[in-house]
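Observations on the model geometry
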Amino acid sequence: MPRRIVLIQGHPDSSERHLCHALADAYAEGAYQGGHEVRRVAVAELDFPLLRSAKAWKGADVMPDIQNAQNEVAWADHLVILYPLWLGTMPAILKAFMEQLFRPGFAFSREESSGAMGRKLLTRKSARIIVTMGMPAFFYRWFFRAHSLKSLERNILKFVGIRPVRTTLFGLVEGVSAAQRERWLGRARTLGKQGL
């Protein structure tokens, strides 16, 4: 069944192409082949400030680029979030974007009077997180227990109702052979074609 897919490109450098960009292109290519609709959000090209207080986070003032990204997420059945692992976690600009994007009123409702966390507003959506890294992927999962990845999955995506959340990790990306890179791009195309 065709899906509406939004690719959220979380690589902080938009001045040149990186593996994350090639993986997004391959995923989109496969998705088009599979009959899915694809839209893109390039976080590094958006204009938004850092949120510096709970008041600002709960406030109604949403920058136009964030409002547009929220509209894309609202439209989507499936989110694909791509980013390189930096210092063991997502790049700061992607975290700042997540804080802006998944705000109260859009991603979940707050029921302040009862003290409850409220209602998840982004149900019936799934996600795929694709992460590139310099270390071996199994080492990140085993030794570091993929802590930042689990935090994104549990504390952000599932918190607002997005599930299931699946992950794909590409490790040892520095100086990778052309053959290995093509295998990774093929994997991304396959995921895109399946809408997963």
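Structure shown above.
Throughout what follows, the structure given in this document is the object of discussion. (Residues numbered from 1 in each chain as written. Predicted model: local features only at pLDDT ≥ 70, side-chain atom pairs only at ≥ 80, totals over all residues. Heavy atoms only, no water.)

Focus on the pairing of strand β1 (residues 4–9)
For the record, the criterion: Throughout, exposure labels follow a simple rule: accessible area from a 1.4 Å probe, protein chains only, divided by the maximum for the residue type, with under 20% read as buried, over 50% as exposed, and the rest as partly exposed. Under the DSSP-based scheme used, a helix requires at least four consecutive residues in state H or I and a strand at least two consecutive residues in state E, with every element numbered from the N terminus. A pair of strands is treated as paired once DSSP finds two or more bridges between them. When the strands point away from the viewer, a crossover counts as right-handed if the route from the first strand across the helix to the second turns clockwise.
Of all 6 residues that make up β1, 5 are buried, and the element is covered over most of its length. Sheet analysis places β1 next to strand β2 (residues 37–42), joined by 6 bridges and oriented parallel. Counterpart to Val6 in the pairing with β2 is Arg39. As for the winding sense of the linkage, the β-α-β connection from β1 through helix α1 (residues 19–33) to β2 is right-handed.

Some points on the nonpolar core
Rules: In these notes, a set of buried Ala, Val, Leu, Ile, Met, Phe, Trp, Tyr and Cys residues joined through side-chain atoms within 4.5 Å is what counts as a nonpolar core. Here a residue-residue contact requires only that any non-hydrogen atoms of the pair lie within 4.5 Å.
Ile8, Tyr83, Leu94, Phe97, Phe102, Leu157 and Ile162 are the most contacted members of the largest nonpolar core, which totals 40 residues. At the level of elements, β1, α3 (64–75), β3 (78–84), α4 (92–101), β6 (126–132), α5 (137–142), α6 (147–157) and β7 (165–170) are the ones that each hand at least two residues to this core. A total of 5 residues in this core trace back to one element, the largest contributor, which is α4. Residues within four places of Phe102 in sequence aside, it is in contact with Trp57, Ala107, Phe108, Leu122, Ile156, Leu157, Val160 and Ile162. Counting residues in each nonpolar core, the second largest holds 20 residues, with Ile5, Leu7, Ala24 and Tyr27 among its members.

Here we look at helix α7 (residues 178–194)
Spelled out, the test is: The span one expects for a helix is its residue count, reduced by one, times 1.5 Å. The reported arc concerns the directions from the helix axis to the C-beta atoms and nothing else.
In a regular helix each residue adds 1.5 Å, so 17 residues correspond to 24 Å; α7 covers 24 Å between its end C-alpha atoms and thus fits that length. Of all the residues in α7, the buried ones are Trp184, Leu185, Ala188, Leu191 and Gly192. In an axial view of α7, the angular spread of the buried residues amounts to 115 degrees, which keeps them on one side of the axis. Contact partners of the buried residues in α7: α1, β6 and β7. Of the residues one or two after α7, Gly195 is the one with positive phi, at around 70 degrees.

Some thoughts on the packing of α3 against α4
What counts, and what does not: Axis geometry follows a simple rule: fit a line to the C-alpha atoms, using only the stretch in contact for helices, then measure angles between N-to-C directions, giving values from 0 to 180 degrees. Oblique is the label for any angle not under 35 degrees, not over 145, and not in the 65 to 115 range, which are roughly parallel, roughly antiparallel and roughly perpendicular in turn. All residues other than Ala, Val, Leu, Ile, Met, Phe, Trp, Tyr, Cys, Pro, Asp, Glu, Lys and Arg, Gly among them, are scored as polar; the first ten of these are nonpolar and the last four charged.
Where α3 meets α4, the closest approach of the two axes is 10 Å, and the angle between their N-to-C directions is 75 degrees. In terms of orientation, α3 lies roughly perpendicular with respect to α4. The segment α3 lies against α4, with Ile66, Ala69, Gln70 and Val73 engaging Phe97, Gln100 and Leu101. Residue composition of the contact of α3 with α4, by class: 5 nonpolar, 2 polar and no charged.

Here we look at α3
An ideal rise of 1.5 Å per residue puts 16 Å on 12 residues; α3 measures up with 16 Å between its terminal C-alpha atoms. Structurally, α3 contributes buried residues whose contacts are with β1, β2, β3 and α4.

Regarding the packing of α1 against α7
Which entries qualify depends on this criterion: Crossing handedness is defined as follows: a turn of the near helix away from the far one that is anticlockwise and smaller than a right angle gives a left-handed crossing, while the clockwise case is right-handed.
Running from amino to carboxyl end, α1 crosses α7 at an angle of 40 degrees, the nearest separation of the two axes being 6 Å. When the axis of α1 is compared with that of α7, the two are oblique. Between α1 and α7 the crossing geometry is right-handed. Contacts between α1 and α7 involve Leu19, Ala22, Leu23, Ala26, Tyr27, Glu29, Gly30, Ala31 and Gln33 from the former and Arg181, Trp184, Leu185, Ala188, Arg189, Leu191, Gly192 and Lys193 from the latter. When grouped by side-chain class, the residues that make up the contact of α1 with α7 number 10 nonpolar, 3 polar and 4 charged.

As for the environment of Asp13
This is how it is decided: We define a polar contact as two N or O atoms separated by no more than 3.5 Å, with the added condition that, inside protein, one atom must be a possible hydrogen donor and the other a possible acceptor, whereas residues neighbouring each other in sequence contribute only through side-chain atom pairs.
By the secondary structure assignment, Asp13 is in the loop between β1 and α1. Residue Asp13 is classed as partly exposed on the basis of its relative accessible area of 23%. With 29 residues separating them in the primary sequence, Asp13 and Ala42 have C-alpha atoms 9.9 Å apart. Beyond its immediate sequence surroundings of up to four residues, Asp13 is in contact with His18, His21 and Ala44. A polar contact of 2.5 Å, which involves the side chain of Asp13, links it to the side chain of Ser15. Only 3.0 Å separates the side chain of Asp13 from the side chain of His18, close enough to count as a polar contact.

Purely geometric stuff here, so don't read any function into it on its own.
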